[in-house]
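Breakdown of the fold
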Amino acid sequence: MKDTVLKYAKSLRARIFVIVLLVGLVPIFLMKHLILENYEELAAQQKSTLIQNQCQQIVDQVGSSGYIRNVGNRQVDRQLTQLANIYNGRVIIVNTNFRIVRDTYEIDEDKVIISEEVLQCFLGTDSTNYNPDDEFLELTLPVNDPGTGQIEGIMIVSVTTQDVKDGKDALGNTVLILQIVLTLLIFVAAYYVARVLTKPFGKITQSLAGMRGNVSEQEIAIPDYTETKLLADAYNQMLHRLKVQEDSRQEFVSNVSHELKTPITSMKVLADSLLAQDEVPNELYKEFMADIAEEIDRENKIISDLLSLVKMDRRSSDVNIQETNINDLIELLLKRLRPIAATKDVDLVFDDFKPVVAEVDETKLALALSNLVENGIKYNQDNGWVHISLNVDNKYFYVKVEDSGIGIPPEDQENIFERFYRVDKSHSREIGGTGLGLAITRSAVLMHHGAIDVSSTEGEGTTFTVRIPLKFTP
Ligand SMILES: Nc1ncnc2c1ncn2[C@@H]1O[C@H](COP(=O)(O)OP(=O)(O)OP(=O)(O)O)[C@@H](O)[C@H]1O
Ligand SMILES: [Mg+2]
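Here goes a summary of the coordinates provided. (Residues numbered from 1 in each chain as written. Chains lettered and ligands numbered in written order. Predicted model: local features only at pLDDT ≥ 70, side-chain atom pairs only at ≥ 80, totals over all residues. Heavy atoms only, no water.)

1. Let's talk about the site of ligand 1
Heads up, the condition is: One heavy atom suffices: a residue is near a molecule or strand as soon as one of its heavy atoms comes within 4 Å of it. Between N or O atoms, a polar contact is any pair within 3.5 Å; within protein, one atom must be a potential hydrogen donor and the other a potential acceptor, and residues adjacent in sequence are included only when both atoms are from side chains. Residue burial considers only the protein chains on display, and all accessible areas are found by Shrake-Rupley using a 1.4 Å probe. A cavity here means a set of 1 Å grid points, computed over protein atoms only, where a 1.4 Å probe fits but cannot escape. A pocket is an open set with protein on both sides within 12 Å along at least 5 of 7 lines, and lining residues have an atom within 4 Å of a point. For a cavity or pocket, the test is whether more than half of a molecule's atoms lie within 2 Å of its grid points; if they do, the molecule sits there.
Every one of the 22 residues lining ligand 1 counts as a neighbour, but N375, Y379, D403, T434 and L438 are closest to it. Between an oxygen atom of ligand 1 and a side-chain N or O atom of N375, the distance comes to 2.8 Å. For ligand 1, a nitrogen atom lies 2.8 Å from a polar atom in the side chain of D403. Coverage of ligand 1 by the protein chains reaches 98% of its 590 Å² of free accessible surface. Cavity membership is defined here by more than half of the atoms lying within 2 Å of grid points; on that basis ligand 1 lies in the largest pocket.

2. Let's talk about the nonpolar core
Soluble globular proteins tend to bury their nonpolar side chains together. Note the following rule: The term nonpolar core refers to a set of buried residues drawn from Ala, Val, Leu, Ile, Met, Phe, Trp, Tyr and Cys, joined through side-chain atoms within 4.5 Å. The classification of residues rests on relative accessible area computed with a 1.4 Å probe and restricted to protein chains. Under 20% of the type maximum is buried, over 50% is exposed, and intermediate values are partly exposed. Under the DSSP-based scheme used, a helix requires at least four consecutive residues in state H or I and a strand at least two consecutive residues in state E, with every element numbered from the N terminus.
Of all hydrophobic cores here, the largest spans 37 residues; its most connected members are I326, I330, L369, V373, F397, V399 and F464. For this core, the element with the highest residue contribution is helix α7 (residues 326–343), accounting for 7 residues.

3. As for the layout of surface pockets
Counted only if it meets this: Grid points are joined across faces, edges and corners, and a volume is the space filled by probe spheres set on the points. Residue polarity follows a fixed list, in which Ala, Val, Leu, Ile, Met, Phe, Trp, Tyr, Cys and Pro are nonpolar, Asp, Glu, Lys and Arg are charged, and the others, Gly among them, are polar.
If you add up the space inside the largest pocket, you get close to 610 Å³. Taken together, 34 residues make up the lining of the largest pocket; nearest its centre are N371, N375, K378, Y379 and L438. Mapped onto the lining of the largest pocket, the elements with two or more residues apiece are α6 (282–313), α7, α8 (362–378), α10 (425–431), α11 (437–447) and β12 (461–469). Among the elements that take part in the lining of the largest pocket, α8 stands out by supplying 7 residues, more than any other. Taken together, the residues of the lining of the largest pocket sort by class into 14 nonpolar, 12 polar and 8 charged. The calculated volume of the second largest pocket comes to roughly 310 Å³. Taken together, 14 residues line the second largest pocket, and the ones lying closest to its centre are S248, F417, E418, R419 and R442.

4. Some remarks on the pairing of strand β4 (residues 136–144)
This is how the line gets drawn: Two strands are counted as paired when DSSP detects at least two bridges linking them.
One ladder, built from 5 bridges, connects strand β3 (residues 127–131) with β4; its direction is antiparallel. Within β4, the residue paired with N131 across the bridge is F136. Two successive antiparallel strands, β3 and β4, enclose a turn made up of 4 residues, where E135 displays a positive phi of approximately 55°. Where β4 and strand β5 (residues 151–160) come together, 9 bridges link them in antiparallel fashion. When the sheet's bridge partners are listed, F136 is paired in β5 with T160. Hairpin connection from β4 to β5: 6 residues lie between these consecutive antiparallel strands, with G149 at a positive phi of about 80°.

5. Quick look at the state of the cysteines
To keep it simple, the criterion reads: By definition, disulfides here are pairs of cysteine sulfur atoms that lie within 2.5 Å.
Across all of its chains, the model carries 0 disulfides by this definition. No disulfide involves C55; its sulfur sits 12 Å from that of C121, the nearest cysteine. Taking relative accessible area as the criterion, C55 reaches 0% and is therefore assigned buried.

6. What about the sheet that holds strand β7 (residues 347–352)?
Inclusion rule: Every axis in this analysis is a line fitted to C-alpha atoms, fitted for helices over the stretch in contact. Angles between the N-to-C directions lie between 0 and 180 degrees. Should any heavy atoms of two residues lie within 4.5 Å, those residues are considered in contact.
Here we have 5 strands laid out as an open sheet, ordered β7-β9-β10-β12-β11, and mixed in their pairing. On the outer flanks of this sheet lie β7 and β11 (451–457), each paired with one strand and no other. Averaged over all pairs of adjacent strands, the angle between their axes in this sheet comes to 10°, without regard to strand direction. For β7 and strand β9 (residues 385–392), the ladder comprises 6 bridges, and the chain directions are parallel. Looking across to β9, one finds that F350 is bridged to I388. Sheet strands touched by α7: β7, β9 and β10 (396–403). Its angle to β7, the strand with the most contacts, is close to 175°. The strands touched by α8 are β7, β9, β10, β11 and β12; relative to β10, the strand with the most contacts, the crossing angle is about 20°.

7. Some points on the pattern of salt bridges
Think of it this way: side chains of opposite charge can pair up when their charged atoms draw near. Put simply, the rule reads: Basic side-chain nitrogens of Lys or Arg form a salt bridge, by our definition, when they fall within 4 Å of a carboxyl oxygen of Asp or Glu.
Scanning the model with the defined rule gives 20 salt bridges in all. A salt bridge links R69 to D145; the shortest N-O distance between them is 3.8 Å. Residue R69 is found in the loop between α1 (2–64) and α2 (74–86), and its partner D145 is found in the loop between β4 and β5; the two are separated by 76 residues along the sequence. According to the relative accessible area criterion, D145 is buried, its value standing at 18%. One salt bridge connects R69 with E152, and the closest N-O pair in it is separated by 3.3 Å. Of this pair, R69 sits in the loop between α1 and α2 while E152 sits in strand β5, and the two are 83 residues apart along the sequence. Residue classification places R69 among the exposed positions, given a relative accessible area of 60%. The exposure class assigned to E152 is buried, which follows from its relative accessible area of 10%. Taken together, the salt bridges that share partners define one network made up of D77, R102, E106 and E109.

8. Let's talk about the packing of α6 against α11
Here is the rule: When an angle is under 35 degrees it counts as roughly parallel; over 145 it counts as roughly antiparallel; between 65 and 115 it counts as roughly perpendicular; any other value is oblique. The handedness criterion is simple: a crossing whose near helix is rotated anticlockwise from the far helix by less than a right angle is left-handed, and one whose near helix is rotated clockwise is right-handed.
The contact between α6 and α11 brings their axes to 9 Å, and the two run at 25°. The angle between α6 and α11 places the two elements in the roughly parallel class. Between α6 and α11 the crossing geometry is left-handed. The segment α6 lies against α11, with D305, S308, L309, M312 and D313 engaging A439, I440, S443, A444 and M447. Taken together, the residues that form the contact of α6 with α11 break down as 6 nonpolar, 2 polar and 2 charged.

9. Comments concerning the sheet that holds β5
Spatially, 5 strands are ordered β2-β1-β5-β4-β3 in an open sheet, and the strand pairing comes out antiparallel. Of all strands in the sheet, those bounded by a partner on one side alone are β2 (100–103) and β3. Sheet twist, expressed as the average angle between the axes of neighbouring strands with direction ignored, equals 15°. One ladder, built from 3 bridges, connects strand β1 (residues 90–95) with β2; its direction is antiparallel. Across the sheet, residue I93 finds its bridge partner in β2, namely R102. Its contacts with the sheet put α2 on β1, β2 and β5, and the angle it makes with β1 is roughly 135°.

Structure, rendered in structure tokens:
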């Protein structure tokens, strides 16, 4: 158990570690790509705007100086060369016949150039082309005749973008260092978070592993988060219930042993005293044998009561629910008890106000009600009475067993349903009870999802009220 929990806590920690790592690292790696792409685009755009501004001035001069028609204006030539040098590029001037009239590289002069960009430019659309793979930027600008305003040629400027690439590489290195630092930080954070989150599980494991043998009294405290506190509380409650159960089980076992031993001890004493005498008078022999037979009956009753209780405790497994006429059921059990009542001159009266038919386990309910009436007779005075009444509403039927007996002291009333509990042990023993009757009754009533109540005044009498649903719900 401990090993399994430990293994589980470890694998949980590993999973939290990986999740935090992934959540942290994915944005970092995406960040590099995004930053560099953005930088490149922005840098190329800035460069092209800058060049475009400078070119525009020169283009205006080329136009106003009539350079295209009259190639060779030195000042303009110098400016063109200067522009090409500044940007480590090339400047080409094309006339309306698509012929190159000036090339700062001086290799393509007099050649014809027809390209998409050139044609578009003659139609009035200047263009900027950035080619990051070949690392150059190309601009096409129309040259206008200031007099007519007509396009009389175009200027093509192509410059290297090596500086953009260099800038991008430098930035890439910085971002890489940042990535390494952040990755390390996230590793540490992931490890820390995983540890902190799984720490309470470690505590639970240790608490559980620290328990040995029978149900422990060690409660656990994990106040780390509300959830773990609730978990610990639920666990402690369960522990408490187990302890109560264990205590009641132990008490029950010791009570059972004691109760079973008592008749046997009496029988042994009776038998031994008979054996110790050589000549036993017949009457004494008979008297002792009668006592032994009584003790055997007593033992028998305890065992059959215990069996009834065990059966009842197993709950729905062996219930036998049938539509039963409750009036008949009570009549029948009173008929069986009348002879016992007669020995004490106790009057048994049954008032049934309405006919009642309900879904019940006939045997178990009869046993439950018999125990109540039997108690009413047993704990009564001579010439007393026991009144049994049956009533019904649309959901439940009610059986009331009222007697004119000795009553039950208030402090005992809540305990009388416990197994083996008797109010006045010596007196009850004389009357011949084992203290299982009401426990059986309560189990049977609860099995029917009903309720039982007692009210009593010492010296006046006791009333038990039983409420059982008409329809049985399993
Ligand atoms: N009607 C009653 N009037 C007075 N005391 C009662 C009455 N019913 C029960 N008691 C008290 O409650 C105790 C428990 O009753 P319960 O029926 O469980 O056991 P019991 O009658 O002693 O034994 P048995 O197992 O034979 O019924 C009794 O010993 C008695 O002291
Ligand atoms: Mg009883």
